[in-house]
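Structure at a glance
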Amino acid sequence: MEDVEVQHHHSNQITLCPSSRPEIPGSVAFGVISGTVDNPRVAYLKKPQPVTEELIALAAPVTPAEVFRTASSCATNKCQHFDGSNCRLAQRVVEQLPIAETQLPPCAIRKDCRWFQQEGKAACFRCPQIITDNYNASKLVREVSMPTTIGE
């Protein structure tokens, strides 16, 4: 019985999408993109920061999603990646991307994260290479992030 820890003890649990857009109201930044253009890495913040005008201004001249990883409430059925019960993006990240870190990143949103709740540590090990607006993304990363229409 390994699934015990997934049960939520309080009903006001919000499930967070770790790949949401900074423009979404109520978003929090939980990571800053560091590393290099070819090998970007997310540096996780100790405490998620609300996305404010000031935070967005810090990203200029690039888009906030090139600088920050932001989370907001999982949109479930309103999202192109959600199949009715699961996040297909999280599935593809785990199935297709290589492991980026062999240690669990020090992530402040893990317990509320849709990817972690659904895929467990396998998603966390790959998360540090994900950049929401990555104009230098590899072909693999681009393919993984495309909404899937297979089997519909």
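Residues numbered from 1 in each chain as written. Predicted model: local features only at pLDDT ≥ 70, side-chain atom pairs only at ≥ 80, totals over all residues. Heavy atoms only, no water.

Things to note about the pattern of salt bridges
As a reminder of what qualifies: By convention in these notes, a salt bridge is any Lys or Arg side-chain nitrogen within 4 Å of a carboxyl oxygen on Asp or Glu. The numbering of helices and of strands both runs from the N terminus, where a helix is a DSSP run of H or I of at least 4 residues and a strand a run of E of at least 2. Think of it in three bands: with a 1.4 Å probe and only protein chains considered, a residue is buried below 20% of the maximum accessible area for its type, exposed above 50%, and partly exposed in between.
Taken as a whole and judged by the stated rule, the model has four salt bridges. Two residues, Arg-21 and Glu-23, come together in a salt bridge whose shortest N-O distance is 3.2 Å. Linking Glu-101 and Arg-41 is a salt bridge whose minimum nitrogen-to-oxygen distance equals 3.4 Å. Here Glu-101 is found in the loop between α3 (88-96) and α4 (114-119), whereas its partner Arg-41 is found in strand β3 (residues 40-50), with 60 residues between them in sequence. Given the relative accessible area of 30%, Glu-101 is considered partly exposed.

A look at the pairing of strand β4 (residues 68-73)
Put simply, the rule is: Strand pairing requires that DSSP identify at least two bridges connecting the strands.
Across the six residues that make up β4, a large majority, five, are buried. Bridge count between strand β1 (residues 16-20) and β4: three bridges; the pairing is antiparallel. Looking at the pairing, Leu-16 lines up with Ser-73 of β4. Of the strand pairs in this sheet, strand β2 (residues 28-35) and β4 are connected by four bridges, and their pairing is antiparallel. Within β4, the residue paired with Val-28 across the bridge is Ala-71.

What about the sheet that holds β3?
The following threshold applies: For helices, the fitted axis covers only the stretch in contact; all axes are lines through C-alpha atoms, and the angles between them, taken along N-to-C directions, range from 0 to 180 degrees.
Spatially, four strands are ordered β1-β4-β2-β3 in an open sheet, and the strand pairing comes out antiparallel. Two strands bound the open sheet, and with one partner strand each, they are β1 and β3. Averaged over all pairs of adjacent strands, the angle between their axes in this sheet comes to 30 degrees, without regard to strand direction.

Some thoughts on the confidence of the model for the chain
Here is the rule: The quantity known as pLDDT measures the predictor's confidence residue by residue, on a range of 0 to 100. Should any heavy atoms of two residues lie within 4.5 Å, those residues are considered in contact.
Overall, the prediction assigns the chain a mean pLDDT of 87, with 89% of residues at 70 or greater. Within the chain, the lowest mean pLDDT, 81, falls on helix α6 (residues 139-145), and the highest, 98, falls on α4. Long-range and interchain partners of residues 1-11, a stretch whose pLDDT sits below 50, account for two contacts in this model, where long-range means more than four residues apart.

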